[in-house]
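Coordinate analysis (summary)
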Amino acid sequence: MLGNGEALYTSEICSEELVGGTYLITFPSGELGTAAPASLLITLGRWYSNNLAVVPSSDDSNVIGPVYAHAHWLMIHCGQLDSEESSVLIRETDLGQEALLRYHNEYRRQDLENTIQHFERAWHSCSLTHRCRAVVLVNLAKAKFINYQIDPTGTNLDKSIELYRQALDLRCPGRPDRAATLLQLAQTLLFRYENQGYKESIADEITELLTEPQDFPDDSHERRAADLVLETLKRYRVINSGTSAELDDLVRKLNHSAVLPPDGYFDRPQRLINLSTALWRRYEKHGKLSDLDHLLETNKQALQLLPGRHPDRGSCLRILGTALWRLFEIRGDISDLKKLIAIAEEALQLIPEEHPERPYWVTNSTNYLAEMSERLGDTAFVAQKYDEAIVQYSQAIVTVNSLITHNPRDCL
């Protein structure tokens, strides 16, 4: 997890089940024919295919595939980290990465809190001049940003931005890891821009960060990721204060962006979210049902591409719920109301109890159920919900029995 260096070899492999992120596998000196310790840095990203994007499994859940990994052979610049300081640093970093991986697998809040604690210990044990300090800063910044997305009531966002800025200062132009740090800082600032008042000074800083040509060469993955951040920034600006003409132009460009080759690239879900949000805003302005239908189809594609616990599913579900409710008000189709109830149930399973978004979904879920009760009649509705509860209980029993059989420790 520590170190960076010169890329000597690049290849691509395909795997069906990998967790997104960056992993560093180290090898002893001489094992790969090199005098210095070598490592394999693997960065994972999903390439969504129209043909392979969603594969129904036996339990009707969705499996997204395939996943492609970009692997780079690196020479470690850190050398032998055998001091007591480095020993603590490596141990706490490894423990933090393991806890973060568990969090991404199971989304337990305690794992994320353990991640932050381990990364903070690594940070406190790392001197200002340590060669791996930038890595330590980025690890802690990432964990605090994830925590803020779950609970946006504390100071974790400000701290995350501060840590990313410190790491960027240590990664001068030309370093292979500078582009990734620029992107991480820009994405964190974009989150602040969206959630804290659309301040143009923040937008200007994001634009400045992502227009450094030496760090984002044309036709690179980094350039495409930077363009997506800038596209999302433009979407926020136009939706917040743009004219009707600017909104029409934005929808046209986002339509083109969402189908750009290569087909199924890893950033396609976010591009679809950008498009669906712009379509909703245009529907609000002009009231054309064609925009609403286009929004529903676009949002459906995005949800098919996102894993069940992906944080972007929340925004997708909110847009979808808003659009479906409007359709229900217009058409009165009971099938739309059933979809709304299912969406609210998924959102409540996805969003933690303490999250500020949860009251929104609790209120909407109550309203949807009340509307369904009025439409079907209390007796029929109660009977229907009873049958659904029996099915859910049976599924829960099967799940618990499976956990006990395959991993009893998870049930303790």
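Residues numbered from 1 in each chain as written. Predicted model: local features only at pLDDT ≥ 70, side-chain atom pairs only at ≥ 80, totals over all residues. Heavy atoms only, no water.

1. Re the overall build of the protein
In terms of regular secondary structure, the protein is built from 14 helices and six strands. When the 412 residues of the protein are sorted by exposure, 43% land in the buried category. (Helix = DSSP H or I, 4+ residues; strand = E, 2+ residues; numbered from the N terminus. Buried < 20%, exposed > 50% of the residue type's maximum accessible area, 1.4 Å probe, protein only.)

2. A word on the packing of helix α7 (residues 221-241) against helix α9 (residues 268-286)
Across the interface, α7 lies against α9 with an axial gap of 10 Å and an inter-helix angle of 15°. Classified by the interaxial angle, the pair formed by α7 and α9 is roughly parallel. Remark: the crossing between α7 and α9 carries left-handed chirality. Judged by residue contacts, Arg-224, Leu-228, Glu-231, Thr-232, Arg-235 and Ile-239 of α7 engage Gln-270, Arg-271, Ile-273, Asn-274, Thr-277, Ala-278 and Arg-281 from α9. In the contact of α7 with α9, the residues fall into four nonpolar, four polar and five charged. (Axes fitted to C-alpha atoms, helices over the stretch in contact; angles between N-to-C directions. Parallel < 35°, antiparallel > 145°, perpendicular 65-115°, else oblique. Left-handed = near helix turned anticlockwise from the far one by under 90°. Contact = heavy atoms within 4.5 Å. Nonpolar A, V, L, I, M, F, W, Y, C, P; charged D, E, K, R; others polar.)

3. Things to note about the nonpolar core
Core analysis: the biggest nonpolar cluster contains 41 residues, and Leu-185, Leu-189, Ile-206, Leu-209, Leu-210 and Phe-216 have the highest contact counts within it. Those elements giving two or more residues to this core turn out to be α2 (109-125), α3 (133-150), α4 (156-170), α5 (178-195), α6 (200-209) and α7. Tallying contributions element by element places α5 first for this core, with nine residues. For Ile-206, the residues in contact, after removing those within four places along its chain, are Ala-186, Leu-189, Leu-190, Val-229 and Leu-233. Residues Ile-319, Leu-337, Leu-340 and Ile-343 belong to the second largest nonpolar core, which totals 39 residues. (Core = buried A, V, L, I, M, F, W, Y, C linked by side-chain atoms within 4.5 Å.)

4. Here's the deal with the packing of aromatic side chains
Scanning all chains against the criterion turns up nine aromatic pairs. Pairing Tyr-193 with Tyr-236 gives two aromatic rings, centres 6.3 Å apart and planes at 40°, and the pair type is tilted. Of this pair, Tyr-193 sits in helix α5 while Tyr-236 sits in helix α7, and the two are 43 residues apart along the sequence. Like Tyr-236, Tyr-193 is buried. (Phe/Tyr/Trp six-rings, centres within 6.5 Å; stacked < 30°, edge-to-face > 60°.)

5. Topic: the pattern of salt bridges
What the rule picks out here adds up to 26 salt bridges. A salt bridge links Asp-151 to Arg-109; the shortest N-O distance between them is 3.9 Å. Here Arg-109 lies in helix α2 and Asp-151 lies in the loop between α3 and α4, a separation of 42 residues in the sequence. What makes Arg-109 partly exposed here is its relative accessible area of 22%. Here Asp-249 and Lys-253 are joined by a salt bridge, their closest N and O atoms 3.2 Å apart. Of this pair, Asp-249 and Lys-253 both sit in helix α8 (residues 244-258), four residues apart, which is roughly one turn of that helix. You can call Asp-249 partly exposed: its relative accessible area is 25%. (Salt bridge = Lys/Arg side-chain N within 4 Å of Asp/Glu carboxyl O.)

6. Regarding the side chain of Ser-160
Considering the arrangement of structural elements, one finds Ser-160 in helix α4. Residues contacting Ser-160, with those up to four places away along its chain left out, are Ala-141, Lys-144, Phe-145 and Thr-188.

7. Focus: the environment of Ser-127
Checked against the element boundaries, Ser-127 lands in the loop between α2 and α3. Each C-alpha atom of the pair Ser-127 and Ser-86 lies 9.7 Å from the other, and the pair is 41 residues apart in sequence.

8. Observations concerning α6
All of the buried residues along α6 are Ile-202, Ala-203, Ile-206 and Leu-209. Looking straight down α6, one finds that the buried residues subtend no more than 125° of arc, so they occupy a single side. For α6, the exposed residues lying more than 90 degrees away from the buried face are Ser-201 and Glu-208. The elements touched by buried residues of α6 are α4, α5 and α7. (Arc of directions from axis to C-beta.)

9. What to know about the side chain of Thr-188
Following the sequence through the fold, Thr-188 ends up in helix α5. With near-sequence residues (within four places) excluded, Thr-188 lies in contact with Phe-145, Leu-157, Ser-160, Ile-161 and Tyr-164.

10. Here we look at the packing of α7 against α8
The N-to-C vectors of α7 and α8 enclose an angle of 155°; their axes lie 10 Å apart at closest approach. In terms of orientation, α7 lies roughly antiparallel with respect to α8. Viewed along their axes, α7 and α8 form a crossing whose handedness is left-handed. Here α7 contributes Glu-231, Lys-234, Arg-235 and Val-238 to the contact with α8, which in turn contributes Glu-246, Leu-247, Asp-249, Leu-250, Lys-253, Leu-254 and Ser-257.

11. Focus on unusual backbone geometry
Even without being a glycine, Tyr-198 presents a positive backbone phi close to 55°. Residue placement: Tyr-198 occurs in the loop between α5 and α6. The class of Tyr-198 is partly exposed, set by a relative accessible area of 28%.

12. Concerning the environment of Glu-297
Along the chain, Glu-297 turns up in helix α10 (residues 289-305). A C-alpha to C-alpha distance of 9.7 Å links Glu-297 and Leu-320, two positions 23 residues apart in sequence.

13. Concerning the environment of Ile-351
Inspection of the secondary structure assignment puts Ile-351 in the loop between α12 (334-350) and α13 (358-376). The class of Ile-351 is buried, set by a relative accessible area of 11%. Put simply, Ile-351 and Gly-314 are 37 residues apart on the chain and 7.8 Å apart in space, counted from C-alpha to C-alpha. Setting aside chain neighbours within four positions, we find Ile-351 in contact with Glu-357, Arg-358 and Trp-361.

14. Some remarks on the confidence of the model for the protein
The predicted model of the protein has a mean per-residue pLDDT of 75, with 69% of residues at 70 or higher. Of all the helices and strands in the protein, strand β4 (residues 54-56) carries the lowest mean pLDDT, 29, while α4 carries the highest, 95. Across residues 13-27, confidence stays below pLDDT 50; counting only partners more than four residues off in sequence or on other chains, it has 49 contacts. For the stretch residues 31-82, pLDDT sits under 50, and the model shows 160 contacts to residues farther than four places along the chain or on other chains. (pLDDT = per-residue confidence, 0-100.)

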